[in-house]
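# What the coordinates show
Listed below are the residues making up each chain.
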Amino acid sequence: MIKLSQVSKRYPNGYDALSNISFHVEEGEMLFITGHSGAGKSTLFKLISRIEKPSSGQIWVQGKNINRLRESQLPQLRREIGVVFQDHKLIMEKTVFDNVALPLIVIGMPRDEIRKRVRAALGKVGLEGRDQALPETLSGGEQQRVGIARAVINRPSILLADEPTGNLDDDLSDEIIDIFRDFNRVGVTVLIATHDLRQIDRLGCASLELSKGEISAYHAAPAFELTQEHREQSDFF
Amino acid sequence: MNFFLRQLQVLFATLGDMRRTPMSSFNTIMVVAIALLLPAYLYIGVKTTDQLASNWEGRPQLTLFLINDISPQEAQLIFQEVQLSPSVAHAEIITPEQGLAEFSLLSATSDQLVDFEEQLEFLGENPLPFSIVLMPKLEYISTDAIKELKLLLGSIDGIDSIRLDLEWVERFGAITETIKRFALILSVLLALGLMLIIGNTIKLLIMNRRHEIEVSKLVGGSNRFVRRPFLYYGALFGFFGSIGALLLLWLSSIAIAPAVTRLVLSYGGNPFLYAFSVQDAFALIGLGIALGWLSARWSVAQHIWRIRPR
Ligand SMILES: Nc1ncnc2c1ncn2[C@@H]1O[C@H](COP(=O)(O)OP(=O)(O)OP(=O)(O)O)[C@@H](O)[C@H]1O
Ligand SMILES: [Mg+2]
């Protein structure tokens, strides 16, 4: 569960990126965040994962008011949230394998288990066999998929994906969004920031539109039926 | 078990990182080695001085003059009592005749010789008393211990006066004490310098890996996790630095050996070989690791918290 109450964010340079935002996302919901460039989508995600602190207002994640978290409690919060960053945030000196494995390495998971999981995740994003490549030898879309694999590797209860399909063609975009959809089907709360309105129509999810730091529209999800195809995919997880 | 396995993994990962930047790692290790080598030299110097001091043939002698009109039997009794004293290494009794013989021998080159013999003839008898010359045991050659011994012997009946030349003992003690303090201060300063060097290298490493630290924190890495490799870096710099110092010490000992041998022969011992034992070598390695780890901790505490993911 994610809940924001009258949240505003003013950056140190005085720019108001978000003003007075209130909404909540139930556990297991999937929500798209749309809005023009500079509307505050990335800022919203940074607030939820406590990369930035709100200037005012309260934010609850999984029942905890994250404004009150101490520095030492942040790792725990971030282990519950998988984030796909708009700028990928890959470590360029490390292999694809090490990048994807990082969330598991930081919690001290045994090597064998890590190897199994990384292989499965890379397969899921269509990067099987590339585990020893360095990120700089990958295309933009491939790097993006490495970031996606890393975000889901830890089986987080919340996924925040910031423009996860920005560099991908339509087919690949559908595949990636379907991966998130599969996670959502097994109970993961998913928030996706995107310009790709086509995906919202395709999946029929709820969406929240931001404009200049304020909520300008909210579209509830129409009733959605589970297809056989989706059930099969969810078995993977 | 899992804990140690993970530590071992980080250790090997850090070793791998070091190998990836061989030149800068080598430079830091050499500087650490030299910073550790100098205190090792000082330590050897101090220990050698101590050993020379205890081997010195001219260690202090006390001369006890017995009262004048004592019989040879009584003098013998006093001599036995002195010999039994636990702090006495060696004692010798000198009769008035022996004393006179030695005395005239000593002053044989002196212009006063004639005067003296004339005076003796004038006196008509040997004016010298029985005397006892003794050497204190090694552990009693400090200034204070000798003064105490002098007091003790002075309380024995039949001893008239005691002559003790303490000046050189005190002077020698002062010299070794000065060297020791100088060495201590210099070693502390070198250790501080070493910590600054390692700390600064770690700081540069942290800055170079800023992005990696940021990303690690973003995916849930704790401060403890992100700082661990740097602590290993510090400890490894200390470890390889001390190994380097030992190597340099060994190499330089080959160059120094001929000079030391001459020094050693003149005093009948081999201070250089004894001066740096296997235990000392292990202590140096331990010291290197501890200093490296501490400086890394100090550097990490200063710099890592500042890196906040954006
Ligand atoms: N660290 C910062 N300091 C100052 N201003 C910032 C900072 N980060 C973002 N902004 C400003 O806040 C506004 C919102 O930025 P944000 O990145 O949230 O937009 P966005 O909706 O993600 O845009 P895009 O679709 O281009 O990614 C922008 O106008 C941006 O210039
Ligand atoms: Mg953005």
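First, a word on what this report is: a plain description of the structure on this page. (Residues numbered from 1 in each chain as written. Chains lettered and ligands numbered in written order. Predicted model: local features only at pLDDT ≥ 70, side-chain atom pairs only at ≥ 80, totals over all residues. Heavy atoms only, no water.)

The next point concerns the overall build of chain A. Tallying secondary structure elements over chain A gives eight helices and ten strands in all. Against the compact-globule benchmark of 18 Å for 237 residues, chain A has a radius of gyration of 17 Å, which places it among compact chains. Each principal axis of the C-alpha distribution contributes one length, and for chain A these read about 45 × 40 × 30 Å. Burial analysis of chain A (237 residues in total) assigns 55% to the buried set. For chain A, contacts bridging at least 24 residues in sequence account for 68% of all contacts bridging at least 6. Entry remark: accessible area of chain A is about 10600 Å², with carbon and sulfur atoms responsible for 46%. Across chain A, the 30 positively charged side chains and the 33 negatively charged ones have centroids separated by 8 Å. (Helix = DSSP H or I, 4+ residues; strand = E, 2+ residues; numbered from the N terminus. Rg over C-alpha atoms; globule rule 2.2 N^0.38 Å. Buried < 20%, exposed > 50% of the residue type's maximum accessible area, 1.4 Å probe, protein only. Contact = heavy atoms within 4.5 Å. Areas by Shrake-Rupley, 256 points an atom, 1.4 Å probe, with all protein chains shown as cover. Lys, Arg positive; Asp, Glu negative; His and termini not counted. Charge placed at Lys NZ, Arg CZ, Asp CG, Glu CD.)

One pass over the structure, following the stated rule, counts three aromatic pairs over all chains. Here the aromatic rings of F239 of chain B and F240 of chain B are separated by 5.3 Å at their centres, their planes lie at 65°, and the arrangement is edge-to-face. Residue classification places F239 of chain B among the partly exposed residues on the basis of a relative accessible area of 30%. When the ring centre of W60 of chain A is taken as origin, the NZ or CZ atom of K3 of chain A, which lies over that ring, is 5.1 Å away. Lying over the aromatic face of F85 of chain A, K89 of chain A brings its terminal NZ or CZ to 6.0 Å of the ring centre. (Phe/Tyr/Trp six-rings, centres within 6.5 Å; stacked < 30°, edge-to-face > 60°. Lys NZ or Arg CZ within 6 Å of the ring centre and 35° of its normal.)

Let us now look at the coordination of the magnesium ion (ligand 2). Taken together, S42 of chain A (OG) and Q86 of chain A (OE1) make up the full set of protein donors to the magnesium ion (ligand 2), lying 1.9 to 2.2 Å away. Of this pair, S42 of chain A sits in helix α1 (residues 41-48) while Q86 of chain A sits in the loop between β6 (81-84) and α3 (96-105), and the two are 44 residues apart along the sequence. (Donors = N, O, S within 2.8 Å, 3.2 Å for Na, K, Ca; no water.)

The subject of this paragraph is the site of ligand 1. Residues and elements named next belong to chain A. Close to ligand 1 lie 14 residues, the nearest being S37, K41, S42, T43 and Q86. At a separation of 3.5 Å, a nitrogen atom of ligand 1 approaches a polar side-chain atom of Y11. Side-chain polar atom of S37 to an oxygen atom of ligand 1: 2.6 Å apart, as the coordinates give it. Contact with the protein chains hides 70% of the accessible area of ligand 1, taken as 630 Å² for the molecule alone. Here the shell around ligand 1 takes three residues from α1, the largest share from any one element. Its residues assigned to classes, the shell around ligand 1 shows four nonpolar, eight polar and two charged. (Near = heavy atom within 4 Å. Polar contact = N/O pair within 3.5 Å; in protein donor to acceptor, adjacent residues only side chain to side chain. Nonpolar A, V, L, I, M, F, W, Y, C, P; charged D, E, K, R; others polar.)

On to the interface of chain B and chain A, then. With 17 residues of chain B at the interface, the matching set in chain A holds 19 residues. When chain B packs against chain A, the two sides together hide about 1800 Å² of surface, and 58% of this comes from carbon and sulfur. There are two salt bridges connecting chain B and chain A. E71 of chain A serves as the salt-bridge partner of R308 of chain B, at 3.6 Å between the closest nitrogen and oxygen. Taken together, the links from chain B to chain A amount to three residue pairs in polar contact (both at pLDDT 80 or more). If you list the elements that add at least two residues to the side of chain B that touches chain A, you get α1 (2-20), α8 (210-218) and α9 (223-265) of chain B. Broken down by element, the side of chain B that touches chain A gets its largest block of residues, six residues, from α8 of chain B. (Buried area = accessible area lost by both parts, 1.4 Å probe. Salt bridge = Lys/Arg side-chain N within 4 Å of Asp/Glu carboxyl O.)

Moving on: the sheet that holds strand β2 (residues 88-94) of chain B. Residue and element names in this part refer to chain B. Taken together, the four strands give an open sheet; going across it, the order is β2-β3-β1-β4, and neighbouring strands pair in antiparallel fashion. The strands lining the two open edges of the sheet, one partner per strand, are β2 and β4 (159-164). Neighbour-to-neighbour, the strand axes of the sheet open up by a mean angle of 20°, direction not taken into account. Bridging between β2 and strand β3 (residues 131-136) involves six bridges; their strand directions are antiparallel. Counted as the bridge partner of H90 is M135 from β3. Here helix α3 (residues 72-84) sits on the sheet and contacts β1 (62-66), β2, β3 and β4; the angle it forms with β2, its principal contact strand, is near 170°. (Pairing = 2+ DSSP bridges. Axes fitted to C-alpha atoms, helices over the stretch in contact; angles between N-to-C directions.)

On the surface, F182, L184, I185, L186, V188, L189 and L192 of chain B cluster together into a nonpolar patch covering about 690 Å² of accessible area. Tracing the backbone through its elements, the reader meets L192 of chain B in helix α7 (residues 167-208). (Patch = residues over 30% accessible without salt bridge, like charges linked within 9 Å, V, L, I, M, F, W, Y side chains within 5 Å.)

Right, let's get into unusual backbone geometry. Residues and elements named next belong to chain A. Residues other than glycine seldom take positive phi values, yet Q62 does so here, at roughly 50°. The phi dihedral of K212 is positive, around 50°, even though this residue is not glycine. You can see K212 is positioned in the loop between β9 (206-211) and β10 (214-219). The exposure class assigned to K212 is exposed, which follows from its relative accessible area of 67%.

This brings us to α3 of chain A. Burial of α3 of chain A is extensive: eight of the ten residues sit out of reach of the surface. Taken together, the buried positions of α3 of chain A are occupied by V96, F97, N99, V100, A101, L102, P103 and L104 of chain A. For α3 of chain A, the elements touching its buried residues are α4 (111-124) and α5 (140-152) of chain A together with α8 of chain B.

Attention now goes to the sheet that holds strand β4 (residues 56-61) of chain A. All names here are of chain A. Reading across the sheet, the four strands line up as β2-β1-β4-β5 and stay open at both edges, with antiparallel pairing between neighbours. A strand with exactly one partner marks an edge of an open sheet, and here the two such strands are β2 (16-25) and β5 (64-65). Looking at chain direction, strand β1 (residues 2-10) and β2 are connected through six bridges and run antiparallel. Bridge pairing links K3 to H24 in β2. Packed on one face of the sheet, α1 meets β1, β2 and β4 and runs near 120° to β1.

All names here are of chain A. Here α3 crosses α5 at 30°, and the two axes come no closer than 7 Å. By the criterion of interaxial angle, the relationship of α3 to α5 is roughly parallel. The interaxial crossing formed by α3 with α5 has right-handed handedness. Across the interface between the two elements, V96, N99, V100 and P103 of α3 pack against V146, A149 and R150 of α5. Among the residues forming the contact of α3 with α5, the class breakdown is five nonpolar, one polar and one charged. (Parallel < 35°, antiparallel > 145°, perpendicular 65-115°, else oblique. Left-handed = near helix turned anticlockwise from the far one by under 90°.)

Moving on: the pairing of β10 of chain A. Side chains on a regular strand alternate between the two faces of the sheet. Residue and element names in this part refer to chain A. Bridge count between β9 and β10: five bridges; the pairing is antiparallel. Opposite S211, over in β10, you have E214 as the bridge partner. Remark: two residues form the turn of the hairpin made by β9 and β10, two consecutive strands paired antiparallel; K212 in that turn has positive phi of roughly 50°.

This is a description of form; function is not addressed.
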